[in-house]
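An overview of the molecular structure
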Amino acid sequence: MDQLLTRLRAAGFDAVAADPAPGGVVAMAGMATLRDGSRVFAKTLHGAGADLFEIEAEGLRVLRGAGAAAPEVLAVTPDLLVLEPLRPRLDDDERFWEELARTVAAVHTVAGERFGWHRDGWLGRLRQDNTWDEDGHAFFAQRRILRWLPEPLVEAAFDSEERRSLERLCAALPDLLPPQRPVLTHGDLWRENILADRAGGPALIDPAVSYSWAEADLSMLWCGPRPPACDRFFAAYAEAAPLDDGWRERLRVFHLRELLSDIAHDDNGQGAAQEVREIIAPFRPR
């Protein structure tokens, strides 16, 4: 926390103490107390890309503009992001997850003309390729799945046959995923990136925004660990934005992006690699 305090003070915040924040797996983050007794949330990352926090701040503003609750950005520098403080999410409250579903469905009504974003972003501490593409299947294959294969830890996790199986799955995406329009997505919608605002409603943090598939967002919650009350999210989302048949099976394919990212970041790489092998098993050569 000493480095976080030092960077806060350099940015003009008279911070006197900081407590580590739970949940994050990449950045050093904490709730800082200022000399006047007020508190702010701050995060820093050793060796972060010079535009990492700037892009994250832009994503938060974009989500707020789309009607989602997201923390106000108080300051951003190349090595520091300072936000208004939020509260822990309400894991056991079905109404909380229902409100989140309506929020996410509303974000997904913001349509784009192409898949991608006007600049590359970040997923964790690694680059997210957001190059524009009018073909959603090509975009997801190249920018969200195959993009991870050159990463050293991903390269080490799979043999040549497994890599070819992943490539075969990507070639088959038009048969696996029905065409969907590009919509605004949070991009990293796992449960640790969901908190509560001052009123107790859901608030979103740590976005990796782009115009992509709505189901790519949903896959993060469906395929990751989630509390039982989160089931209400999917029912409420379907009420607000009806889901096409087969969505549960498709979400595993979308989840490949997150699994490959986990491996690349050395976060539960062994378990993630086994999940990838299960998903690509039908595409192994016979």
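Residues numbered from 1 in each chain as written. Predicted model: local features only at pLDDT ≥ 70, side-chain atom pairs only at ≥ 80, totals over all residues. Heavy atoms only, no water.

A tally of helices and strands in the chain yields 12 helices and 11 strands. Relative to its length of 286 residues, the chain is compact, with a C-alpha radius of gyration of 19 Å against a globular reference of 19 Å. Looking at the chain as a whole, 52% of its 286 residues are labelled buried. Carbon and sulfur atoms make up 48% of the accessible area of the chain, which totals about 13100 Å². Counting 33 positive and 47 negative side-chain charges, the chain places the centres of these two groups 1 Å from one another. (Helix = DSSP H or I, 4+ residues; strand = E, 2+ residues; numbered from the N terminus. Rg over C-alpha atoms; globule rule 2.2 N^0.38 Å. Buried < 20%, exposed > 50% of the residue type's maximum accessible area, 1.4 Å probe, protein only. Areas by Shrake-Rupley, 256 points an atom, 1.4 Å probe, with all protein chains shown as cover. Lys, Arg positive; Asp, Glu negative; His and termini not counted. Charge placed at Lys NZ, Arg CZ, Asp CG, Glu CD.)

The topology assignment puts T44 in strand β3 (residues 39-44). A polar side-chain atom of T44 sits 2.6 Å from the main-chain carbonyl oxygen of D79. (Polar contact = N/O pair within 3.5 Å; in protein donor to acceptor, adjacent residues only side chain to side chain.)

Here we come to the sheet that holds strand β4 (residues 73-77). Strand order in the open sheet formed by five strands is β1-β2-β3-β5-β4, and the pairing between neighbours is antiparallel. In the strand order of this sheet, the two ends are held by β1 (15-20) and β4, each with one partner. Across the sheet, the axes of successive neighbouring strands diverge by a mean angle of 25°, strand direction being ignored. The sheet contact formed by β4 and strand β5 (residues 80-83) spans four bridges and is antiparallel. Looking at β5, one finds that V76 is bridged to L81. Contacts from helix α2 (residues 52-65) reach β3, β4 and β5 within the one sheet, and its direction differs from that of β4 by about 155°. (Pairing = 2+ DSSP bridges. Axes fitted to C-alpha atoms, helices over the stretch in contact; angles between N-to-C directions. Contact = heavy atoms within 4.5 Å.)

Turning our attention to the packing of aromatic side chains. Per the stated rule, a full pass over the model turns up 12 aromatic pairs. Consider the rings of F140 and F254, whose centres lie 5.1 Å apart with planes at 70°: the pair is edge-to-face. Pair noted here: F140 is in helix α4 (residues 136-145) and F254 is in helix α10 (residues 247-254), with a separation of 114 residues, a long-range link. The two residues F140 and F254 agree in class, both being buried. Through successive ring pairs, a cluster of aromatic residues spans F115, F139, F140, W213 and F254. (Phe/Tyr/Trp six-rings, centres within 6.5 Å; stacked < 30°, edge-to-face > 60°.)

Turning our attention to the nonpolar core. Ranked by internal contacts, the top residues of the largest apolar core, which has 66 residues, are W97, I145, L169, F233 and Y237. Of all the elements, helix α3 (residues 94-107) adds the most residues to this core, at seven residues. The residues touching L169, leaving out its near neighbours within four places in the chain, are I145, L176, V253, L256, I279, I280 and F283. With 14 residues, the next largest nonpolar core counts A29, L52, I55 and W122 among its residues. (Core = buried A, V, L, I, M, F, W, Y, C linked by side-chain atoms within 4.5 Å.)

This next bit is on helix α6 (residues 160-171). Across its 12 residues, α6 extends 17 Å between first and last C-alpha, which sits within 8% of the 16 Å expected from 1.5 Å per residue. Among the residues making up α6, those that are buried are E162, R163, S165, L166, L169 and C170. Angularly, the buried residues of α6 cover 155° about the axis, an arc narrow enough to put them on a single face. (Expected span 1.5 Å × (residues − 1). Arc of directions from axis to C-beta.)

On to the side chain of E215. Position of E215 relative to the elements: it lies in helix α8 (residues 214-223). The residues contacting E215, other than those within four sequence positions of it, are Q180, W247, R250, L251 and F254.

Our next topic: α2. In this model α2 runs 20 Å from its N-terminal to its C-terminal C-alpha over 14 residues, within 8% of the 20 Å that 1.5 Å per residue would give. Along α2, the residues that are buried comprise L52, F53, I55, E56, A57, E58, G59, L60 and L63. Just downstream of α2, G67 is the residue with a positive phi angle, here 100°.

A positive phi angle, close to 50°, is found at D206, a residue other than glycine. Position of D206 relative to the elements: it lies in the loop between β10 (202-204) and β11 (210-212).

Scope: geometric values only; no functional claims are made or implied.
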